[in-house]
Amino acid sequence: MSPSVKERNDHEKILNFFHNLFLSYPNNSMFKMSQYDSISVERRWQKMWKDEEIYHFDPESEKPAYSIDNPPRYTSGSLHLGHATGYSLIDFAARYKRMRGYNVFFPLCFDVNGTPIEVKVEKKHNITKLDLPREEYRKLCSEYANGFVDEMTHHFEILGESMDPSIYYQTDAPYYRRITQISFVELFNKGMVYKAAFPINWCPRCMTALADAEVDHKDNVTKLNFIKFGIAGKSGHVMIATTRPELICTCKVVAVHPDDKEKQHLIGKELVTPIYGRKVKVIADPKVDPEFGTGNVMICTIGDKDDLEWVMKYHLEMEKGIDEAGKMTELAGKYVGMPVKEARAAIIADLKASGILVEQKDSPQQVSVCWRCSTPVEFLQVPQWFLKTLELKEQVLKRADEIKWYPEFMKIRLQDWVNSLEWDWVLSRQRIFATPVPVWECEECGEAVCATEEQCYVDPTTDAPPVEKCPKCKGKLIGCTDVFDTWMDSSGSSLYNTFWKRDDELHKKFFPMSMRPQSHDIIRTWAFYSILRAEQLEQSIPWEDIMIHGFIMAPDGTPMHSSVGNVINPIPILENHGADALRYFAASCSLGTDHAFREADVTRGKKLANKIFNIGQFVGRFFDSKPSKTGVFRESDKWIISRYSETREAVTEYLDQYQFDKALKEVESFIWHEFADNYIEMAKMRKDPAVKYTLYNVFLRSIKMLAPFMPHVTEDVYQEHFAKYEKSKSIHIMDWPSSIFVDEEAIGIGRAITEITSAIRAWKSEKKMPLNAELSKVEIIGEDVLVLEKASQDITETSKIKDLIFLKKAELKEEIVAIKPVHAKLGPAFKAQAKGIVAALSALSPKDAVNSITPAGLKITVDGEKMTLAQEFWEAEKRLTLDGKTVETIQLGNTLIVLEI
Ligand SMILES: [Zn+2]
Ligand SMILES: [Zn+2]
């Protein structure tokens, strides 16, 4: 590893070096290393951006639009690291596209709806939805959720997110709910909505239907109960194993496997259920697992999805043993009104007492639980509104292929989900704080009357229907109390954002949107439903690109959970290190995968901000007007301009692919290691027009590339050193920088001279010489070094060399100066004789020493006795000479640097 590479890995060293750089500058008092005060600087520019409306989206603009279907942040309060990172990734894209000349649509928005808010309000006030009138309940939820909006808006500001408050929306506002309802009205009128009593996932705690996507699975160990069923008209019994004995009241049939020889005699017979004495038939079905339990399966009309399959197959009558509140119905007899768990315990106790339950075994199982509150989900038959989804599977998959996925592999998650769908989308929820389903139903015949488009936003529980009476039977129309699944609201964001049903011309101009950013856990919900809705309503994709980021984990890679106590609050990080530093960490999180939080990255980001600020202080002194492209470029100028241009191409390509981590690495490495460490070192003594032009253009263009990632420090440097010449109100609305030129030869020369000057710098520091110490003569020797003569001035000025010579070859001589004893080994080996040996070695002249060295060792005379001293006991001190003068050398690949001392 060459010294320059070694140095690259050591930021501390570089900081020290940079410090020296300023001290070594003649007017060093002007260039003291300053500490960048991130907090005051960040607040100053955040205020300016807001006051000047820097990120304003203009719907009338002629520029091409880049619209972001920004995830409305859920109003639940505190900011966590996942939000801070996710929204920063989106902001990188927004800022980049703005600089690329797009009219960027990046709305400030919040999701204010749904069960999580209700759950929190119920906990806070210790109530359920049944305890209050709907209006009052809704008001409590609204107050609770809206109480967070100001604070959460502030979070976005201190993170430096460039969202535009002029296109603000929140999903509970009548203007947004209106769009949700109109989309329903259209689908209703197209015949895509139906109401059906269907067994559905049901959370007894939240008292509402759940979509499959809202059901989580938890591993659990339960008891498998072995229970005796009587045989009709006979003595004896059949043993049934079940984990849910409370469902015996709805047992319809018992199934065995058709190939189970021992069970053949039972098929077609009738069994008698315990407690209820109901006769149930034994059937043969190949889906029975003969190895599980006793091989006899009790089939109930409501239990889980497998039961449902049998219920459908054998046309069994549906019976409701559990109600919406998760309590046993009349069917359960003496257990009526008990919650499921309590009923199970009671029936187990009764069956045990009567000797009907003979054994219990542990049985591992997967429990379905509500994703919001973790209550076990029941499978109930409740009338619900459905949106036809299954018949659109193919179209959704086709649209998914038309969308560009970043990263591409995330598309598989959507495809797998679509392929696994077995149900239409259950649109309705029996909750309150959400968008009302705009329907009235006839009290007499059940006919549904949908609102008209003009009526929306409408609340059927308080507003009048579009017609006075049922069009079928003149019966009374009653407002529907159901509300929409929250995904019905949020999956319409691409419609709302593009002025759908608000302004036809603007909708045409902006739909589909450019990009949907989101996390991977909501592909099966938000992404899927959004694609479905766009297909149903517009026969189109909702957006061209989808960018999917992962989660932020605790530093040890495990999920952050308040119950574990490992949640990291980003606010203190923002206050101690600044938003730019946290955003630096965010940029390091490549898309599509989860990332552990690394504080080291935040610290590194902070150092980079400090570095940029200080380079600005230094570079800014070089010009008092905008430098023009005059003067003669040196090799170092051509090199740094070429490397800037190459970097610009790479960064642009990465950003076009949303590869923020790679883009930032390129910019950082260029600014820090090439521009600051090497070019500035070469340029610091110059005052010619070429150096001014180069410093101005390369640095300004470099901070423009950094601006999407670290918007504050780049704005600060721009305002202080460039704004007076550039006339743009903010760096963030300037054009993305262009390349200048790429000179391949200059790149090669530049690389060689930076290696040479870095090596000399490292050598001086090793010798404890000041970095600006003058070297009288240096020779650069090697087959290919003559081309470097062009850059002679760059090297001599940088390394303070009086006389620099380039040679293809040189005759170096190596000579022995003295023989040194190895005391540590001599003493133990020779004891008393050691002293004499040391004296003999120091008495050897260099010339004698050369003659005394043999393959066996060094021939010497100690106290009149001749001996051969083995190699391990002495060292030959050598020196190199060139033309008789003592020199030192540094080997750099094929190049040798010879320094005269
Ligand atoms: Zn729940
Ligand atoms: Zn009617």
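Starting afresh in each chain, residues are numbered from 1 along the sequence in its written order. Working convention: letters from A go to chains and numbers from 1 go to ligands, in the order in which they are written. Given that this is a predicted model, residues contribute local features only at a pLDDT of at least 70 and side-chain atom pairs are listed and counted only at 80 or more, while totals for whole chains, interfaces and linings are drawn from all residues. Note that water and hydrogens are dropped before the side-chain values are worked out from all heavy atoms of the structure.

Quick notes on the coordination of the zinc ion (ligand 1)
As a reminder of what qualifies: Donors, by definition, are the N, O and S atoms found within 2.8 Å of a metal, the threshold being 3.2 Å for Na, K and Ca, and water is not counted, so a site can look incomplete. For four-coordinate sites, all angles between 85 and 135 degrees define a tetrahedron; for four- and six-coordinate sites, opposite donors beyond 155 degrees with the remaining angles between 65 and 115 define square planar and octahedral shapes respectively, and all other cases count as irregular. The helix count covers DSSP runs of H or I at least four residues long, the strand count covers runs of E at least two residues long, and both are numbered beginning at the N terminus. Each residue gets one of three labels from its accessible area relative to the maximum for its type: buried under 20%, exposed over 50%, partly exposed in between, using a 1.4 Å probe on protein chains only.
The zinc ion (ligand 1) binds to the protein through C203 (SG), C206 (SG), C370 (SG) and C373 (SG), with metal-donor distances spanning 2.2 to 2.4 Å. For the zinc ion (ligand 1), the 4 donor atoms in the first shell make angles of 104 to 119 degrees at the metal, so the coordination geometry reads as tetrahedral. Ordering the donors of the zinc ion (ligand 1) by residue number gives the pattern C-x2-C-x163-C-x2-C. A residue pair is termed long-range when its members are at least 10 positions apart, and C206 in the loop between β6 (193-203) and β7 (208-210) and C370 in strand β14 (residues 357-370) qualify at 164 residues. Taken individually, C206 and C370 each receive the classification buried, so the pair is uniform in this respect.

Some points on the coordination of the zinc ion (ligand 2)
Coordination of the zinc ion (ligand 2) by the protein is provided by C442 (SG), C445 (SG), C470 (SG) and C473 (SG), with metal-donor distances spanning 2.1 to 2.3 Å. Written as a sequence motif, the donor residues of the zinc ion (ligand 2) are C-x2-C-x24-C-x2-C. Residue class for C442 comes out buried when judged on its relative accessible area of 5%.

Things to note about the pairing of strand β33 (residues 874-882)
Let me state the cut-off plainly: The criterion for strand pairing is that DSSP finds at least two bridges linking the strands in question.
When strand β29 (residues 812-821) meets β33, the two strands line up antiparallel, connected through 9 bridges. When the bridges of β33 are listed, A818 appears paired with E877. Note: β33 against strand β34 (residues 885-892), 3 bridges, orientation antiparallel. Within β34, the position partnered with L882 by the bridge is K885. Connecting β33 to the antiparallel partner β34 that follows it, the hairpin turn spans 2 residues, and D883 within it adopts a positive phi of roughly 50 degrees.

So, the pairing of strand β23 (residues 513-519)
Note the threshold: Assignment of crossover handedness uses the view with strands pointing away from the viewer, where a clockwise path from the first strand over the helix to the second indicates a right-handed crossover.
When you tally the buried positions in β23, you get 7 out of 7 residues, the bulk of the element. Note: β23 against strand β24 (residues 543-549), 6 bridges, orientation parallel. Paired with Q518 across the two strands is I548, which belongs to β24. After leaving β23, the chain enters helix α16 (residues 523-538) and then returns to the sheet as β24, a path that is right-handed.

What to know about the sheet that holds strand β20 (residues 448-450)
Worth spelling out the cut-off: With axes taken as lines fitted to C-alpha atoms, and helix axes fitted only over the stretch in contact, angles between N-to-C directions fall between 0 and 180 degrees. Here, residues are in contact when the closest pair of their heavy atoms is within 4.5 Å.
As summarised here, the arrangement of the 3 strands in space is β20-β19-β21, forming an open sheet in which the pairing is antiparallel. The outermost strands of the open sheet, each flanked by one partner alone, are β20 and β21 (477-479). On average, each strand axis in the sheet is tilted by 30 degrees relative to the strand beside it, whichever way the strands run. Here strand β19 (residues 439-442) runs beside β21; their pairing, made up of 3 bridges, is antiparallel. Counterpart to C442 in the pairing with β21 is L477. Packed on one face of the sheet, helix α8 (residues 174-189) meets β19 and β20 and runs near 130 degrees to β20.

Observations concerning the nonpolar core
Our working definition: The definition of a nonpolar core used throughout is a set of buried Ala, Val, Leu, Ile, Met, Phe, Trp, Tyr and Cys residues joined through side-chain atoms within 4.5 Å.
With 115 residues, the main nonpolar core has F675 and I897 as its most contacted residues. Here this core takes 13 residues from helix α21 (residues 660-683), the largest share from any one element. Residues in contact with F675, not counting those within four places in the same chain, are I615, V619, I640, F670, I680, L695, V698 and F699. Core analysis: the second largest hydrophobic core is formed by 68 residues, A211, L387, V437 and L477 among them.

A look at the packing of aromatic side chains
Here a ring pair, both rings aromatic, is described through the centre-centre distance and the interplanar angle of the planes. To keep things clear, this is the line we draw: Paired rings are identified among Phe, Tyr and Trp, the last through its six-membered ring, by centres lying within 6.5 Å, and are further divided according to the angle between planes into stacked (under 30 degrees), edge-to-face (over 60) and tilted (the rest). Lysine NZ or arginine CZ positioned within 6 Å of the ring centre and within 35 degrees of the ring normal marks a charge as sitting over the ring.
A full pass over the atoms with the stated rule returns 42 aromatic pairs. Plain terms: the ring middles of W49 and Y55 are 5.8 Å apart, the flat faces sit at 65 degrees to each other, and that makes the pair edge-to-face. Ring geometry for F499 versus F510: centroids 6.1 Å apart, planes at 40 degrees, classification tilted. One end of the pair, F499, is in the loop between α14 (493-497) and α15 (504-510); the other, F510, is in helix α15, and 11 residues separate them in sequence. For the pair formed by F499 and F510, the shared burial category is buried. One aromatic cluster is present, formed by F623, F675, Y679, Y696, F699, F722 and Y725 through successive ring pairs. Note that R73 overlies the ring of F156, its terminal NZ or CZ placed 5.6 Å from the centroid. Over the face of the ring belonging to Y496 we find R502, whose NZ or CZ atom lies 3.9 Å from the ring centre.

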